Amino acid sequence: MESRRSRAKVDLAGILRKSWYRLRLSVRHPSRVPTWDAIVLTAASPEQAELYEWQLKRAKRLGRIASSTLTLVVPDPDGNRIGSGGATLNAIHALARHLEALGPQVDNVDTGNSESLVPHERSDSEVSFSPMLSFMAKRHILLLHAGGDSKRVPWANPMGKVFLPLPYLAADDPDGPVPLLFDHILAISCCARQAFKKEGGIFIMTGDVLPCFDASTMVLPEDTSCIITVPITLDVASNHGVIVASKTGIQNKTCYVSLVENLLQKPTMEELVKNQAILDDGRTLLDTGIIAVRGKAWGELVRLACSSIPMIADLVKSKKEMSLYEDLVAAWVLAKHEWLRLRPLGEELINRLGKQKMYSYCAYDLLFLHFGTSCEVLDHLSGADSGLVGRRHMCSVPATTVSDIAASAIVISSKIAPGVSIGDDSIVFDSCISGGIQIGSQSIVVGVNVPGDNNGLRFILPDRHCLWEVPLVGCTGRVIVYCGLHDNPKDSVSRSGTFCGKPWDKVLHDLGIQESDLWSTTGAHEKCLWNAKIFPILPYFEMLSQAEWLMGLSDPKTKSLLPLWKSSQRVSLEELHRSIDFPLMCIGSSNHQADLASGIAKACINYGLLGRNLSQLCEEILQKDDSGVKICTDLLDLCSNLQGQDSKILPKSRAYQVQVDLLQACREEKMACELEQKVWAAVADETASAVRYGFREHVLESSNSTSASAYESSAFDCCVDQSFRHHDIRIELPVRVDFVGGWSDTPPWSLERAGCVLNMSIKLDGCAPVGTSITTTEQTGIAINDDDTMNKVYIEDPTSIAAPFNSDDSFRLVKSALLVTGVTRDKLILSMGLQIHTWTGVPRGTGLGTSSILAAAVVKGLLKITNRDDSNENVARLVLVLEQLMGTGGGWQDQIGGLYPGIKFTESFPGIPLKLQVISLMASPRLISDLQQRLLVVFTGQVRPARRVLEKVVTRYLRRDSLLISSIKRLAELARMGREALMNCDLDELGEIMLEAWRLHQELDPYCSNTFVDRLFELADPFCCGYKLVGAGGGGFALLLAKDGDSAQKLKNLLQKDPRLEEYGTEFEVKIYNWTLF
């Protein structure tokens, strides 16, 4: 079990990246990856609910919640604490009322068979049961408990602990806002959505735990409740809930599902032994706080919640709380019924929910990351997984010669002035720190804005301390708050409570403060930091001086500080919690982020090479109250000289794209659209320049000429005998299938960065399906015949061929080939003509590279017939230009795949000219035999043009989208790994590489797949070690790499007769091709 755990820790990055990938996919393409119908958060008060609503809107804006998902924040009634169980019922009831208010979508719902949901006689306070119950019972709800007061993470109290910064994977998106704990929870929960399938239910999580596990493989029992557990050591379990599960259940490699027999809360060793809760390996099952309720059990819970107003009123009136993890879930555990009957509303819970059972889903490899204390937050950021942490993110940090910032310090969303010191493993978030401030090690600074005009003031925050600021309602300034890292605000003076790491007795003695100064002599509450009125409200720098004094750092001789403190208005953490000005805090945070983004964007334009994603930065800038557009306009004015820079250093395509992005941010859509044409023209120009210096100018000459005489001095002219000579050229080429590396071959990526592709040339059903024949004729002019469509055209004057071409011109491929080869400028065509036939044995737009390979065939044939360089490398580079001229874009891998035989590993190196290195792999007889037995080449029955996909991907690259860049880098790296796997005849490893490549392709564009392809791969998954669509995706051909020959045969039989494919109609009928290596 320990070895299993160590593997999980090493793969934490993989778990999170996979979860984030699925989250982005569900937001961008929810029809393929279902998302939650509603996301509901609980809050402690209406004021906190307002902050949470702002955070939910932010999450939607950032693409972390789908636009179709309903979001709702439900505070405890009138701020009265009713416990997590009461809050659960209150939240479900509030959601039902909210949906009922929406009206039409509920009235028309198909109730289906709803016998299990027939309500009891309802009171006037209940939600209407018909048809709301049936509607709710079919919804998929994520409920996140976030209504605590964060006493043990007091600096997170203003923002809500669930929204504390957690910069895991922050480096993956350096120009976006720092990820929050909430964002990571969304990613994990998104993977769990699939476990509900079409059965409605609720997934309940807690806001201070990040449960890192692959929830995409989770299988939940139907019509019941299920609690997610993980084996944990006894010392950890003693501070949490423990589940006692049946020894019999369903087990596989990653989980164990069994009936829950008992529930224990913070058990002692005696209780663990007595209840047989200790596992064979000496551990026990930890309650992770995640509960899933499906089917009939969900229907009963909805019914209870919709009639829960009297129950909640009783809780408020009696000032009692109902716990979710002790009371509510106990109704599903028979052994807890006797105990539950003595609890508030326990009898009601048993009567309404007690018929159902609860199961434990034990996830062996789940990492339970608890953020219950400030120490735990720092531990998770500086521990074994600290390599995941982005330590500098969206920040302004001075040079090392004018500041002292530890390499392990985390500075995020902050501006640091020269003269600042930050110690090891400290966190500075959402702050502006001026010179003269010293922050110790293992300290936390949040939302602090020290004015720059501090008149030489020096302030020291000691090691292991927390410092934050809070705007209060009715207060013009912000209150500075602080405490020790290990302080527990709930610990009383009599129970070893501390302030700034020192016992209260010593604090009072050293500072000369009396208990009566901090706590009222009346009232039954225990005296603790939570209710100590210790934080003065004064002018800013006086508050800083008071802070140093209270932390024990000021000179004891400074006697003026105590009288000032005593005479000032003071507040406690408890009063702060009730008085936070949340709207002001939201506005301040938005403006701060916008200022940081604008500073980064300005520096990028003035000093850099435009390597940042200005489009993303502008999104943050536009959140700034009323001046966001003005800031973007100023940035646009700075771009006036970009086109004058050396294009070898700053490509014109990138410079134009920056201006397009800024114009869009300035709401100048018309001008942006006009400038986009220059972006694509620049890409074509850069491609042509990389292939052959000055080539584009010759093409433009050709396009603007009206007669052949204009080319008599052309550098492309050939001195040939003008008497007629008959020539007949026939070129037949195979198609290519790519294993991995696609997109790294595509301009402008391949013009600026190295590319790697692993692909293979194949015949289909024994034929090389792509070809052309070119014949010279005595009659001048050029006749083009498309044998696939039977279309034909005769061009009497070849010099009339000019770019750009209309997208509906079915002959633009051949016309572009005539231009890029220089045939239209060749004296040959003055004395004879050309008859050109083209054909493809498979539909174009199927991912096999047929269009590019056909272009390669035509280019090669034209070069042969004019006695020019028809080497494969020259043809491949010319096809790159041809595709830019056609307006379809595209890279070099298709033509390489068709021109060179066998399995190839190809690298490209940017420069002028672009260098291609094709390495033909020596495929052993065993490798070829294994591939032919295990690799299925399947036509999905769908075709799609790659142009739209390509435009999206290229635009994201030109914007310097970090996620896209890292994805393509990884694809190139996987191509190198795939080459090694093939050479080692390790097809299982190749299959894993194909799966990761397919995931990355969907990261680049979620529309590269669809529901039919997803179903196809779902059917194939049990038989395969890898699969993907070839090419850009969206349909076409798929590669299915079976686990072995027997699996391949079984999969063939399944695909040829499986009825589940019939629901998509005959137009989606799959066909399995016989293939051979070319």
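This structure is a prediction, so every number in the text was calculated from the model and none was measured.

The rules behind these values
- Residues numbered from 1 in each chain as written.
- Predicted model: local features only at pLDDT ≥ 70, side-chain atom pairs only at ≥ 80, totals over all residues.
- Heavy atoms only, no water.
- Helix = DSSP H or I, 4+ residues; strand = E, 2+ residues; numbered from the N terminus.
- Rg over C-alpha atoms; globule rule 2.2 N^0.38 Å.
- Buried < 20%, exposed > 50% of the residue type's maximum accessible area, 1.4 Å probe, protein only.
- Areas by Shrake-Rupley, 256 points an atom, 1.4 Å probe, with all protein chains shown as cover.
- Lys, Arg positive; Asp, Glu negative; His and termini not counted.
- Charge placed at Lys NZ, Arg CZ, Asp CG, Glu CD.
- Salt bridge = Lys/Arg side-chain N within 4 Å of Asp/Glu carboxyl O.
- Axes fitted to C-alpha atoms, helices over the stretch in contact; angles between N-to-C directions.
- Parallel < 35°, antiparallel > 145°, perpendicular 65-115°, else oblique.
- Contact = heavy atoms within 4.5 Å.
- Nonpolar A, V, L, I, M, F, W, Y, C, P; charged D, E, K, R; others polar.
- Pairing = 2+ DSSP bridges.
- Phe/Tyr/Trp six-rings, centres within 6.5 Å; stacked < 30°, edge-to-face > 60°.
- Lys NZ or Arg CZ within 6 Å of the ring centre and 35° of its normal.

Student: Outline the overall build of the protein, listing residues and values.
Tutor: In terms of regular secondary structure, the protein is built from 38 helices and 41 strands. Taking 2.2 N^0.38 as the reference for a compact globule, 1078 residues should give roughly 31 Å; the C-alpha atoms of the protein span a radius of gyration of 34 Å, in line with that estimate. If one aligns the C-alpha atoms of the protein with their principal axes, the spans along those axes are about 115 × 70 × 55 Å. Buried residues in the protein amount to 60% of all 1078 residues. Total accessible area computed for the protein in this model is approximately 43100 Å², and 49% of it derives from carbon and sulfur atoms. Computed over 111 positive and 127 negative side-chain charges, the separation of the two mean positions in the protein equals 1 Å.

Student: Explain the pattern of salt bridges residue by residue, including any values.
Tutor: Using the criterion set out here, one finds 42 salt bridges in the structure. Between Glu 469 and Arg 478 there is a salt bridge whose closest N-O contact spans 3.0 Å. Of the residues examined, Glu 469 reaches a relative accessible area of 4% and is grouped as buried. Accessibility expressed as a relative area gives 26% for Arg 478, which makes it partly exposed. A salt bridge links Arg 877 to Glu 873, with the nearest nitrogen and oxygen atoms 3.1 Å apart. Of the two residues, Arg 877 and Glu 873 are both situated in helix α31 (residues 872-886); the distance of four residues between them amounts to about one turn of the helix. Classification of Arg 877 as buried rests on a relative accessible area of 14%. Several salt bridges converge on common partners, so that one network encompasses Asp 76, Arg 81, Asp 149 and Lys 151.

Student: Can you break down the packing of helix α4 (residues 83-102) against helix α10 (residues 295-306) residue by residue, with the values?
Tutor: Relative to each other, α4 and α10 sit at 85 degrees, their axes nearing to 8 Å. By the angle between their axes, α4 is roughly perpendicular relative to α10. Contact residues: Leu 89, Ile 92, His 93 and Ala 96 in α4; Trp 298, Leu 301, Val 302, Leu 304, Ala 305 and Cys 306 in α10. In terms of residue class, the contact of α4 with α10 is built from nine nonpolar, one polar and no charged.

Student: Could you give an account of the pairing of strand β28 (residues 728-733), with specific residues and numbers?
Tutor: Only one face of β28 is covered, namely the one carrying Ile 729, Ile 731 and Leu 733; the face carrying Asp 728, Arg 730 and Glu 732 has none of its residues buried. Sheet analysis places β28 next to strand β31 (residues 770-777), joined by six bridges and oriented antiparallel. Across the sheet, residue Arg 730 finds its bridge partner in β31, namely Ser 773.

Student: I'd love a proper account of the sheet that holds strand β13 (residues 404-405), names of residues and values included.
Tutor: Strand pairing in a sheet relies on backbone hydrogen bonds, with the paired strands running either antiparallel or parallel. With respect to topology, four strands assemble into an open sheet ordered β13-β16-β19-β21, the strand pairing being parallel. Single-partner strands in this sheet number two, and they are β13 and β21 (459-461). Here strand β16 (residues 421-422) runs beside strand β19 (residues 437-439); their pairing, made up of two bridges, is parallel. Looking at the pairing, Ile 422 lines up with Ile 439 of β19.

Student: Help me get a handle on unusual backbone geometry, residues and values and all.
Tutor: The residue after Pro 747, namely Pro 748, is reached through a cis peptide bond having omega 5 degrees. As for its placement among the helices and strands, Pro 748 is situated in the loop between β29 (735-740) and α27 (749-752). Cis geometry is adopted by the peptide bond preceding Pro 804, which originates at Ala 803 and carries an omega value of 0 degrees. Tracing the backbone shows Pro 804 in the loop between β33 (791-795) and α28 (812-820). Phi at Lys 197 is positive, roughly 50 degrees, even though this residue is not glycine. Tracing the backbone shows Lys 197 in the loop between α7 (181-192) and β4 (201-206). The class for Lys 197 is exposed, based on a relative accessible area of 60%. You will see that Ser 413, though not glycine, has its phi angle at about 50 degrees, which is positive. Counting through the fold element by element, Ser 413 comes out in the loop between β14 (410-412) and β15 (415-416).

Student: Can you tell me about helix α14 (residues 346-353), naming the residues and giving the values?
Tutor: Because each turn of an α-helix spans 3.6 residues, side chains separated by three or four positions in sequence point in the same direction. Buried within α14 we find Gly 346, Leu 349, Ile 350, Arg 352 and Leu 353. Those residues of α14 that are buried are in contact with α10, α11 (309-318), α12 (324-328) and α13 (337-340).

Student: Residue-level account of the sheet that holds β14, with values.
Tutor: Spatially, β12-β14-β17-β20-β22-β23 is the arrangement adopted by the six strands of the open sheet, whose pairing is mixed. Each having just a single partner strand, β12 (392-393) and β23 (478-484) make up the two edges of the open sheet. Pairing of β14 with strand β17 (residues 427-429), which is carried by three bridges, proceeds in the parallel orientation. Opposite Ile 410, over in β17, you have Ile 427 as the bridge partner. Helix α15 (residues 374-382) rests against β14, β17, β20 (444-446) and β22 (465-471) of the sheet, and its axis sits at about 100 degrees to β17.

Student: Break down the packing of aromatic side chains for me, with residues and values.
Tutor: Under the definition given, this model contains 17 aromatic pairs. Residues Trp 36 and Phe 203 carry aromatic rings whose centres are separated by 6.0 Å and whose planes lie at 15 degrees to one another, so their mutual orientation is stacked. Highlighted residues: Trp 36 in the loop between α2 (12-28) and β1 (38-43) and Phe 203 in strand β4, separated in sequence by 167 residues. Classification of Trp 36 by relative accessible area gives buried; the value is 3%. Through a chain of ring-to-ring contacts, the aromatic side chains of Tyr 482, Phe 499, Trp 504, Trp 519 and Phe 535 assemble into a single cluster. Above the ring of Trp 565, the side-chain terminus of Arg 570 is found at 4.0 Å from the ring centroid.

Student: Outline the pairing of strand β34 (residues 833-840), supporting the account with residue identities and numerical values.
Tutor: Among the eight residues that make up β34, six are buried, leaving the element largely enclosed by the rest of the structure. Both β31 and β34 contribute to a ladder of eight bridges, which runs antiparallel. If you follow Thr 775 over to β34, its bridge partner there is Gln 835. Alignment of strand β32 (residues 781-786) against β34, held across six bridges, turns out to be parallel. Considered in β34, the bridge of Gly 781 is made with Gly 833.

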